[in-house]
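Here is what each chain is made of, one letter per residue.
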Amino acid sequence: TLGVVMALIIVLFTVFSLFFPKVMLNLTSSMGLNGFALTYSEQQYKNSQKLEDLEDLLYRANELNRSDIITKYSLDMIDSDKFEEFSASRNSDGGLSYKSYVIGNYLLALKEENTNFRVIVEKAKTYFEKYYDSYELYNPFNVLVINTSKTETENKQILLSELSLL
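Residues numbered from 1 in each chain as written. Predicted model: local features only at pLDDT ≥ 70, side-chain atom pairs only at ≥ 80, totals over all residues. Heavy atoms only, no water.

Undergrad: Just checking my understanding: could you explain helix H2 (residues 21–30) for this structure?
TA: Residues lying three or four places apart along an α-helix face the same way, a consequence of the helix completing one turn every 3.6 residues. The complete set of buried residues in H2 reads Pro21, Met24, Leu25 and Thr28. Within H2, the buried residues cover an arc of 105° as seen down the axis, which keeps them to one side. Phi turns positive, to about 80°, at Gly32, one or two residues after H2. (Buried < 20%, exposed > 50% of the residue type's maximum accessible area, 1.4 Å probe, protein only. Helix = DSSP H or I, 4+ residues; strand = E, 2+ residues; numbered from the N terminus. Arc of directions from axis to C-beta.)

Undergrad: Just checking my understanding: could you explain empty space enclosed by the protein for this structure?
TA: To locate leftover empty space, one rolls a probe as large as a water molecule over the atoms. Tallied over the full model, the rule gives 1 cavity of 30 Å³ or more. Counted as a void, the largest cavity has a volume near 50 Å³. The wall of the largest cavity is formed by Leu58, Asn62, Ile70, Ser74, Tyr101, Val102 and Asn105. Here the lining of the largest cavity takes 3 residues from helix H7 (residues 98–112), the largest share from any one element. Counted by class, the lining of the largest cavity contains 4 nonpolar, 3 polar and no charged residues. (1 Å grid on protein atoms, 1.4 Å probe; cavity = no way out; pocket = protein on both sides within 12 Å on 5 of 7 lines; lining within 4 Å. Points joined across faces, edges and corners; volume = space filled by probe spheres on them. Nonpolar A, V, L, I, M, F, W, Y, C, P; charged D, E, K, R; others polar.)

Undergrad: Where do I start with the packing of helix H5 (residues 67–78) against H7 in this structure?
TA: When two helices pack together, their arrangement is given by the angle between the helix axes and the distance between those axes. Following both chains from N to C, one finds H5 and H7 inclined at 140°, their axes separated by 9 Å at the closest point. Compared by their axis directions, H5 and H7 come out oblique. Where H5 crosses over H7, the two elements pack in a sense that is left-handed. Contacts between H5 and H7 involve Ser67, Ile70, Thr71, Ser74, Leu75, Met77 and Ile78 from the former and Tyr98, Val102, Ile103, Asn105, Tyr106, Ala109, Leu110 and Glu112 from the latter. Among the residues making up the contact of H5 with H7, the classes are represented as 10 nonpolar, 4 polar and 1 charged. (Axes fitted to C-alpha atoms, helices over the stretch in contact; angles between N-to-C directions. Parallel < 35°, antiparallel > 145°, perpendicular 65-115°, else oblique. Left-handed = near helix turned anticlockwise from the far one by under 90°. Contact = heavy atoms within 4.5 Å.)

Undergrad: Sorry, what's going on with the side chain of Ser74 here?
TA: Relative to the elements of secondary structure, Ser74 occurs in helix H5. For Ser74, a relative accessible area of 1% translates into the label buried. Engagement of the side chain of Ser74 in a polar contact is seen with the backbone oxygen of Ile70, the distance being 2.7 Å. In contact with Ser74, not counting residues within four places along its chain, are Leu58 and Tyr106. (Polar contact = N/O pair within 3.5 Å; in protein donor to acceptor, adjacent residues only side chain to side chain.)

Undergrad: Could you clarify how one ought to interpret the packing of H7 against helix H8 (residues 117–131) in this entry?
TA: Put simply, H7 and H8 touch, their axes get as near as 9 Å, and they point 170° apart. What the angle tells us is that H7 and H8 run roughly antiparallel. Here H7 contributes Lys99, Ile103, Tyr106, Leu107, Leu110 and Lys111 to the contact with H8, which in turn contributes Phe117, Ile120, Lys123, Ala124, Tyr127 and Tyr131. By residue class, the composition of the contact of H7 with H8 is 9 nonpolar, no polar and 3 charged.

Undergrad: Can you walk me through unusual backbone geometry in this structure?
TA: With the exception of glycine, the majority of residues adopt a negative phi angle, and the majority of peptide bonds are in the trans configuration. Despite not being glycine, Gln49 has its phi angle at roughly 60°, a positive value. Along the chain, Gln49 turns up in the loop between helix H3 (34–48) and helix H4 (51–63). Phi is positive for Asn114, which is not a glycine, with a value near 65°. Inspection of the secondary structure assignment puts Asn114 in the loop between H7 and H8.

As structure tokens, then:
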């Protein structure tokens, strides 16, 4: 009977993991199993394709410093035709906008993944021109300037040359 109970538990676990990732996400998250919660969050987004689920996935990936997940899924958010509207609904009074949070984390994840810095700066320029019609403190260029260390002389020069063209 113990074998039957164990088999039933395994079957239930598998069924919930495959078909009800939201349930497993809530369970693992409440237990503090953040790595598993990230996996279920990814599965939930793949199933639903909802921006709310993508928001949760990107937040969890950021919390766990998973630049691979951030680079894999951020463009789903940034390139969505509902990105601006969704971002505006997430903005708080003052401080960092949701739009800047997503774009900034994406650019920093690319940097973490050792993407060519010129490519990252080009992306920053593209997003700046597309999404920023007025100055915002945490725009894509400022995020890169703030997060480029003093020892990254070549990267600083690339940034400065691009900023002078704006």
